[in-house]
Amino acid sequence: MATLTALNSKNEYPNVTTTMRQYLLHQPVKRSVWTFRTSKIARIATARRSFASEASSSPEVYDVVVVGGGPVGLTLAASLGAARTTSHLKVALVEGMDLAPTRNWSPKSDYFANRIVSLIPSTVRLLKETGVWKHIRQDRVQPYEGMQVWDGMSGARVEFDWNKLWGGKDAQTDTIIAHMVENVHLSHGLLKAIESLAVKPTIMDKTKVDRIEYGQMTEQSDMRDWPVVTLSTGQQLAARLLIGADGGNSPVRAFAGIESRGWDYARHSMVATFKIEDDSAFPKFAYQRFLPSGPVAILPLPGNFANLAWSTTPEKVAHLKSLAPEDFVAMVNAAFRLSYTDIDYLHNLKSGVVDEVEWRESVTKYPDPPQIPARIVEVLEGTRASFPLKMRHADKYIGERMALIGDAAHTIHPMAGQGLNSGIGDVYSLVKSLAEGIRHGQDIGSPFTLEPYQAERYLPNNALLGFVDKLHTLYGFESGPLVPLRSLGVEIINRDWFGLKRFLMSQAAKS
Ligand SMILES: Cc1cc2nc3c(=O)[nH]c(=O)nc-3n(C[C@H](O)[C@H](O)[C@H](O)COP(=O)(O)OP(=O)(O)OC[C@H]3O[C@@H](n4cnc5c(N)ncnc54)[C@H](O)[C@@H]3O)c2cc1C
């Protein structure tokens, strides 16, 4: 009762508007959760801003508005609903694309999509904790326990294999490097988890965010420090906290005036899904070869399927896409078996790659025992696609009543398979900060609540971005003193001198 009385008193809570009060009165929550303490900093900022907002006088009020229904935005919606302290929050998620095909995803057993992510153990743990993993079909997930990585010029190789390193542990989860899951499968599981929440977020798909601005002061309310989102439907949403999970070109980041720095790599990532020859005699491993034009990786999928991620120049990607399916398959097999000079030559052929590769392979010596992926026999129709690669890092992750997560905050080269993993790491950290703020009676949009999130995530993400970027540069050299030096480094890691290999593997498992 005290809660209701307090909320009814406009004087005590000057920033609680009529609309907000009507909404809050219907929320079965403790008063502390809703206490609205606008900080001094926020008040000064608000006073400086005098927006002649076109927003209608009564936008619908939400605690959290998430812009972006990609995997990171959906993970946030699922996690907020699953965490006890945040499960009562009124959440809206806005996504420009149609989510119906993802919701109704019904895969064929002999087909895997071309967009696949490797989820590291800490990500899978979070997905289990939030009840998402039980909606993921395990027959379409491929865990892998080992990784072969080698220098395309010198052949120096590092083998990441938990089983060999630890002598084989019996607890399976301890030895898994990552799980390969189709992106659409993960998003489908996330939507299922969201549908099963007690308090469901409002999902608005096929709806774009057209405009974001701060609200205005009217006779009834003062929304000058609340972001108000105008949707393509004309509807307006006022957000106590606005989340940008809206990808690399984040409109939320632009609204907040946060710079995002970095560069384009002049490289595209070519993806495709293949059938491979029977490899049941071999363990399911991931293979990555560093060529000077960029790394090429084959990643395992269930059964006799595998996925390609080949980062190379846009011209070479255009060539790979233009080839007949059998020539493309020969080209990818060659990328793991022939010298860089051979591969470069093959990129000039418009046809006849199969015969050329067969002849060149017959005179090429394989490593013994073979540490190369099983041979690809067929590319699945319609799975060849490519994506431009870039590195970007936002100057900060939080602003007034807003926070950035996932690719909106940081975009990384996919060679280490960490982009989504670090986005989900952001979600975990942000939900923790919000829950902590709520427990202390803080406003969820205040800097006091959001600061721990930024403090926890910014530096680790920055270090990861820097490390992957340096790797990209280091392996771009075809010759010169750096080639033997990097090979020496690889040799040191491979022998686990100073426990370096163990360190790298354990770091990679907890983005
Ligand atoms: C080839 C390749 C391979 C990769 N492999 C891996 C891997 O193995 N492991 C890994 O961890 N990561 C990997 N990544 C990275 C991973 O795909 C991304 O980090 C991840 O998809 C980012 O998710 P997100 O939800 O932050 O952004 P996005 O997936 O970009 O989603 C943003 C969403 O916001 C929506 N949106 C944008 N603007 C608006 C608007 N105005 N209104 C409404 N909605 C809007 C978009 O429609 C989109 O759905 C890979 C990336 C590439 C390119």
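Sequence order sets the numbering: in each chain, residues are counted from 1 along the sequence as written. In keeping with the predicted nature of the model, local features appear solely for residues at pLDDT of at least 70, side-chain atom pairs appear and are counted solely at 80 or more, and the whole-chain, interface and lining totals rest on all residues. Only hydrogens and water are set aside when side-chain values are computed; all heavy atoms of the structure are taken into account.

1. Quick word on the packing of aromatic side chains
Ring pairs (aromatic) are described by centroid distance and by the angle formed between their planes. Between rings of Phe, Tyr and Trp, where Trp is taken as its six-membered ring, a pair exists when centres lie within 6.5 Å; planes separated by under 30 degrees are stacked, by over 60 edge-to-face, and by other angles tilted. Applying the stated criterion across every chain yields a total of 7 aromatic pairs. With 5.1 Å between their ring centres and 55° between their planes, Phe112 and Phe305 make a pair best called tilted. With a gap of 193 residues between them, Phe112 in the loop between helix 6 (100–103) and strand 3 (116–119) and Phe305 in strand 15 (residues 305–312) connect regions that are remote in the sequence. Under the relative-accessibility criterion, Phe112 is labelled buried at 3%. To qualify as a helix, a DSSP run of H or I must reach at least 4 residues; to qualify as a strand, a run of E must reach at least 2; elements of each kind are numbered from the N terminus. Burial classes: relative accessible area under 20% of the type maximum marks a residue as buried, over 50% as exposed, and values in between as partly exposed (1.4 Å probe, protein chains only).

2. Some remarks on the environment of Val67
Inspection of the secondary structure puts Val67 in strand 1 (residues 60–67). Since its relative accessible area comes to 6%, Val67 is described here as buried. Taking the C-alpha atoms as reference points, Val67 and Val229, separated by 162 residues in sequence, lie 9.3 Å from one another. Whether two residues touch is decided by their heavy atoms; if any such pair falls within 4.5 Å, the residues are in contact. In this structure, Val67 is in contact with Val94, Val209, Leu242, Ile243, Gly244, Ala245, Asp246 and Val252, ignoring residues within four places of it in sequence.

3. Some remarks on the sheet that holds strand 4 (residues 142–144)
Read from one edge to the other, the open sheet built from 3 strands follows the order 3-7-4, with strand pairing classed as antiparallel. On the outer flanks of this sheet lie strand 3 and strand 4, each paired with one strand and no other. Pairwise comparison of adjacent strand axes, ignoring direction, gives a mean angle of 25° for this sheet. For two strands to count as paired, DSSP must find a minimum of two bridges between them. In the sheet, strand 4 pairs with strand 7 (residues 178–182) via 3 bridges, with the strands oriented antiparallel. Counted as the bridge partner of Pro143 is His179 from strand 7. Sitting on the sheet, helix 10 (residues 183–195) is in contact with strand 3 and strand 7, with an inclination near 85° to strand 7. All axes are obtained by fitting lines to C-alpha atoms, using only the stretch in contact for helices, and the reported angles, taken between N-to-C directions, cover 0 to 180 degrees.

4. Concerning the side chain of Asp63
Within the element layout of this structure, Asp63 appears in strand 1. The class for Asp63 is buried, based on a relative accessible area of 1%. Polar contacts, as counted here, are pairs of nitrogen or oxygen atoms within 3.5 Å of one another; within protein the pair requires one atom able to donate a hydrogen and one able to accept it, and residues that are adjacent in sequence qualify only if both atoms are side-chain atoms. Of the polar contacts made by the side chain of Asp63, one reaches the backbone nitrogen of Lys90; its length is 2.7 Å.

5. A word on the site of the ligand
Residues in close proximity to the ligand total 29 residues, the closest being Glu95, Ser118, Asp407, Leu420 and Asn421. A distance of 2.7 Å separates an oxygen atom of the ligand from a polar side-chain atom of Glu95. Within the side chain of Asp407, one N or O atom sits 2.7 Å away from an oxygen atom of the ligand. Taking 1000 Å² as the accessible area of the ligand by itself, protein coverage stands at 83%. Of all the secondary structure elements, the ones that give two or more residues to the shell around the ligand are helix 5 (71–82), strand 3, strand 12 (260–276) and helix 16 (419–439). Whether a residue is near a molecule or strand is decided by its heavy atoms; if any one of them lies within 4 Å of it, the residue is near. Residue-level accessible areas treat just the shown protein chains as cover; the underlying method is Shrake-Rupley with a 1.4 Å probe.

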